Number of protein chains: 2
Amino acid sequence: VKVLITTLPFAEYDQRPLQLLGAAKVDYVINPLGRKVKPHELNDLIADTDILIAGTEQITDEVMGHARNLKLITRVGIGLDSVDLVSARRRGIEVCYTPDAPSPAVAELTIGFIISLLRSIHLSNAGMRERKWQRYFGRRLSEVTIGIIGVGRIGSRVIQHLKGFECTRILVNDVSKTIELKEHPACKIEWVPKDIIYKEADVISLHVPLNSSTRNMITMRELYLMKRDSCLINTARGGVVNEQDLFEVMRKGHLGGAAIDVFEEEPYVGNLVDIERCILSAHMGSMSVDCRSKMEIEATEEVIRFIRGRPLMSKVPDEEYEHKYQS
Amino acid sequence: VKVLITTLPFAEYDQRPLQLLGAAKVDYVINPLGRKVKPHELNDLIADTDILIAGTEQITDEVMGHARNLKLITRVGIGLDSVDLVSARRRGIEVCYTPDAPSPAVAELTIGFIISLLRSIHLSNAGMRERKWQRYFGRRLSEVTIGIIGVGRIGSRVIQHLKGFECTRILVNDVSKTIELKEHPACKIEWVPKDIIYKEADVISLHVPLNSSTRNMITMRELYLMKRDSCLINTARGGVVNEQDLFEVMRKGHLGGAAIDVFEEEPYVGNLVDIERCILSAHMGSMSVDCRSKMEIEATEEVIRFIRGRPLMSKVPDEEYEHKYQS
């Protein structure tokens, strides 16, 4: 059995995924490019592959056309925007993922971003390097209205953390209206349309998957609905926020700050690097040692189950095939 | 009545402190230097002053010797390391402060620093500006041991916030052993000697006043007791951590990171700016709009009470005179 591992890093801190593969006498190759693989590169790499342990690289219909032996894709992570699920199903390729493992790490990073933005940690830190001593005014979480778009596994954890900071008002929106959020005596959680979040929230954090209904969810129109001093956080997926629009409005002085961890094309090479009040990070949402290990081990265990003919534990559910983003 | 206001900023967002002074027909001057005042400058500024609304500048015996009319010092903030309390008492100068107002803002900034350090937000943000895409491994709060030195108003709030992140182990130390900390079912809080915190904690945050027993609390010895990848946070006072020692050990690769908001001399001009994994900020702990306003208003209300001959609300308690740092 030939396994291709494209996700990076892999087994860097925790060797168990490789031990599992070794014990099962699997023939594996780890991404030889050392960075995110492009579709045309994947065409070549995947030719003899039976099983793909995948990152966020695009696994298109064409890629699968080159993978004559491919029987299983296990995504290390939760996002499925990179996989052409419809094509995979047509070709009889099973797809599984690790939907729960990354959430705690993404939620904590989000809180770090929120406080950094509200208190201008990034601006003061940059200023100090240039011998500028400026005491930035900030706001506390209990002083602001927080907007959370997407209250699934990650968004609801963000709300849990926020409650520990005496937040008083949280606005939420989700495609599913059936999610129950535990109220907190001092914190009012209101379900509102997205436009109300854009208009009224001081901090807006996105926790939606990338699909046909969320691509370009935040464009010029939405950005200009937001308050001039509001802060936008995207730890979800590049493509949900139109990067060029974000650059344009911030360059003109709109928005108090932003924190962007995910990009339409990664590694990111765009012009947001010129906006000092926009914190940028390299898709690190799930990159805590514990969550990353859990994701890699869960994805690898699916490989072992598949090889041994046992039932898979985390097959992508049917509704994901319906929501599939059509490129 | 002549009032000198040295603290900066003052009434920048919230005009109420000036309205209070105006309504009481007080003759006031706001710090004409636009930065922290040095003792020899204060000697001149304070000559005719009846009441000083003070920041963190040194109010030495010599300064008070030049202030022939000075009857009241109201500190905008909690720290008293800058005021020679013994000399003030001898001269019959009353001293009051705002011990509660800054705590919420300092505690939130501390959490922001902790997550930034654990997830390398500052390093990734700096790297992205140089087109470096590096996915740093981080740790979640539930994976690490947190050490809190000083569990008064601020330290205990930090612990409250941490509980919302499923922390499992918090080590605490305080000169007062009588503080009761609410346990959390999943989070073990252990009272230990400081050396145990240095040796065992992954994140160490300081919340002590600066006085004779805390000056240079963290020197080369303590830093080298700390784990090689541990993170140190100082939002308390410069002088508690020996800055030169911190620079030396970090330059040699010791400590995973640090976040320093307070410095022996402010504005800070030292060499920690050369350590990229040391987050630096400009004494912004109390700088949330709400806390700063509260501090300024409380300090100003004391001025009004004093003028009208009413009892002061927040006189510095007697025990602070005993702990007074002897310079």
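These numbers were taken from a predicted model, which means no experiment stands behind them. Here the residue index of a chain counts from 1 through its sequence in written order. As a convention, the first chain written is A and the first ligand written is 1, with the rest following in written order. Owing to the predicted nature of the model, reporting of local features is limited to residues with pLDDT of at least 70; listing and counting of side-chain atom pairs is limited to 80 or more, with chain, interface and lining totals taken over all residues. Excluded from the side-chain calculations are hydrogens and water; all other atoms, namely the structure's heavy atoms, are used.

## Concerning the packing of aromatic side chains
Stacked, edge-to-face and tilted are the three classes for Phe, Tyr and Trp ring pairs, Trp counted by its six-membered ring, which pair at centre distances within 6.5 Å; planes under 30 degrees apart are stacked, over 60 edge-to-face, the rest tilted. Scanning all chains against the criterion turns up 7 aromatic pairs over all chains. When the centroid spacing of 4.5 Å and the interplanar angle of 55° are considered together, the rings of A:Tyr13 and B:Phe137 count as tilted. Placement of A:Tyr13 in the loop between β1 (2–5) and α1 (16–23) and of B:Phe137 in the loop between α6 (121–129) and β6 (145–149) is noted, with the two residues assigned to different chains. Residue class for A:Tyr13 comes out exposed when judged on its relative accessible area of 54%. Taken together, a centroid distance of 5.9 Å and an interplanar angle of 70° make the contact between A:Phe263 and B:Trp133 edge-to-face. Helix and strand definitions follow DSSP, with helices as H or I runs of at least four residues and strands as E runs of at least two, each counted in order from the N terminus. Throughout this description, buried means an accessible area under 20% of the type-specific maximum (1.4 Å probe, protein chains only), exposed means over 50%, and partly exposed covers the range between.

## Brief notes about the relation of the copies chain A and chain B
Overlaid copies result from least-squares superposition on C-alpha atoms, with residues included only where pLDDT is at least 70 in both. Between the two copies, chain A and chain B, the superposition gives an RMSD of 0.0 Å; the rotation angle is 180° and the shift along the axis is 0.0 Å. Expressed as an axis order, the relation between the two copies is that of a two-fold axis.

## Digging into the sheet that holds strand β10 (residues 231–234) of chain B
Residues and elements named next belong to chain B. With respect to topology, 7 strands assemble into an open sheet ordered β8-β7-β6-β9-β10-β11-β12, the strand pairing being parallel. Two strands in the sheet have a free side with no partner beyond their single neighbour: β8 (188–191) and β12 (278–280). With direction set aside, neighbouring strand axes in the sheet form an average angle of 15°. Whether two strands pair depends on DSSP finding at least two bridges between them. Sheet analysis places strand β9 (residues 203–206) next to β10, joined by 4 bridges and oriented parallel. By the bridge assignment, Val-203 is partnered in β10 with Cys-231. By definition, residues are in contact when any of their heavy atoms lie within 4.5 Å. With axes taken as lines fitted to C-alpha atoms, and helix axes fitted only over the stretch in contact, angles between N-to-C directions fall between 0 and 180 degrees. Contacts between helix α5 (residues 103–119) and the sheet are confined to β9, β10, β11 (257–260) and β12, with β10 contributing the most and set at about 155° to the helix.

## So, the interface of chain A and chain B
On the side of chain B, 64 residues touch chain A, which itself brings 64 residues to the contact. Buried area is calculated as the accessible area (1.4 Å probe) missing from two parts once they are joined, with the contributions of both summed. Approximately 5,500 Å² of surface area, both sides summed, lies buried where chain A meets chain B, with 59% of it carried by carbon and sulfur atoms. Counted as salt bridges are all cases of a side-chain nitrogen of Lys or Arg within 4 Å of a carboxyl oxygen of Asp or Glu. Linking chain A with chain B are 6 salt bridges, by the criterion used here. B:Asp290 is the partner of A:Arg140 in a salt bridge, and the nearest nitrogen-oxygen pair spans 2.9 Å. For the side of chain A that touches chain B, the secondary structure elements donating two or more residues are α5 (103–119), α6 (121–129), α7 (153–163), β12 (278–280) and α11 (289–307) of chain A. The element that contributes the greatest number of residues to the side of chain A that touches chain B is α5(A), accounting for 10 residues.

## Describing the packing of α5(B) against helix α7 (residues 153–163) of chain B
All names here are of chain B. Running from N to C, α5 and α7 point in directions that differ by 50°, and their axes come no closer than 9 Å. Between α5 and α7, the angle is such that the two are oblique. Considering only the axes of α5 and α7, their crossing is right-handed. Contacts between α5 and α7 involve Ser-103, Pro-104, Val-106, Ala-107, Glu-108, Thr-110, Ile-111 and Ile-114 on the former and, on the latter, Arg-153, Ile-154, Arg-157, Val-158, His-161 and Leu-162. Here the residues of the contact of α5 with α7 sort into 8 nonpolar, 3 polar and 3 charged. Throughout, the term roughly parallel applies to angles under 35 degrees, roughly antiparallel to angles over 145, roughly perpendicular to angles from 65 to 115, and oblique to all others. Helix crossings fall into two classes, left-handed where the near helix is turned counterclockwise from the far one by less than a right angle and right-handed where it is turned clockwise. By the convention adopted, Pro, Cys, Tyr, Trp, Phe, Met, Ile, Leu, Val and Ala count as nonpolar, Lys, Arg, Asp and Glu as charged, and the other residues, Gly among them, as polar.

## With respect to the pattern of salt bridges
Using the criterion set out here, one finds 58 salt bridges over all chains in the structure. A:Lys71 is the salt-bridge partner of A:Asp50, the closest N and O atoms lying 2.7 Å from each other. Taken as a pair, A:Asp50 in the loop between α2 (39–45) and β3 (51–54) and A:Lys71 in the loop between α3 (61–66) and β4 (72–75) lie far apart in primary sequence, 21 residues in all. Note on A:Lys71: relative accessible area 37%, which makes it partly exposed. The partner of A:Glu166 in a salt bridge is B:Arg157, with the nearest N and O atoms 3.3 Å apart. Taken together, the residues span two chains, with A:Glu166 in the loop between α7 and β7 (169–173) and B:Arg157 in helix α7. By relative accessible area, B:Arg157 is classed as partly exposed at 22%.

## So, the sheet that holds strand β5 (residues 94–96) of chain A
Residues and elements named next belong to chain A. Across the sheet, which stays open at both edges, the 5 strands sit in the order β2-β1-β3-β4-β5 with parallel pairing between neighbours. Unpaired on one side and paired on the other, β2 (27–30) and β5 mark the two borders of the sheet. Each neighbouring strand pair of the sheet contributes to a mean axis angle of 15°, computed without reference to strand direction. Pairing of β4 with β5 involves 3 bridges; the strand directions are parallel. Each residue of the ladder has a partner; that of Leu-72, found in β5, is Glu-94. The strands that α11 touches are β1, β3, β4 and β5; relative to β4, the one it contacts most, it runs at about 160°.

## Here we look at the pairing of strand β9 (residues 203–206) of chain A
Along β9(A), one buried face is formed by A:Val203 and A:Ser205 and the opposite face, lined by A:Ile204 and A:Leu206, is buried too. Note on handedness: a crossover is taken as right-handed if, strands pointing away from the viewer, the path from the first strand over the helix to the second is clockwise. Once the chain exits β9(A) it traverses helix α9 (residues 220–225) of chain A before rejoining the sheet at strand β10 (residues 231–234) of chain A, and the crossover so formed is right-handed.

## Topic: the packing of α1(A) against α11(A)
Residues and elements named next belong to chain A. One way to put it is that α1 packs onto α11 with a least axis distance of 9 Å and a crossing angle of 10°. Considered as vectors, α1 and α11 are oriented roughly parallel to each other. Taking contact as the criterion, the partners of Arg-16, Pro-17, Leu-20 and Leu-21 in α1 are, on α11, Glu-296, Ile-297, Thr-300, Glu-301, Val-303 and Ile-304. Its residues assigned to classes, the contact of α1 with α11 comprises 6 nonpolar, 1 polar and 3 charged.

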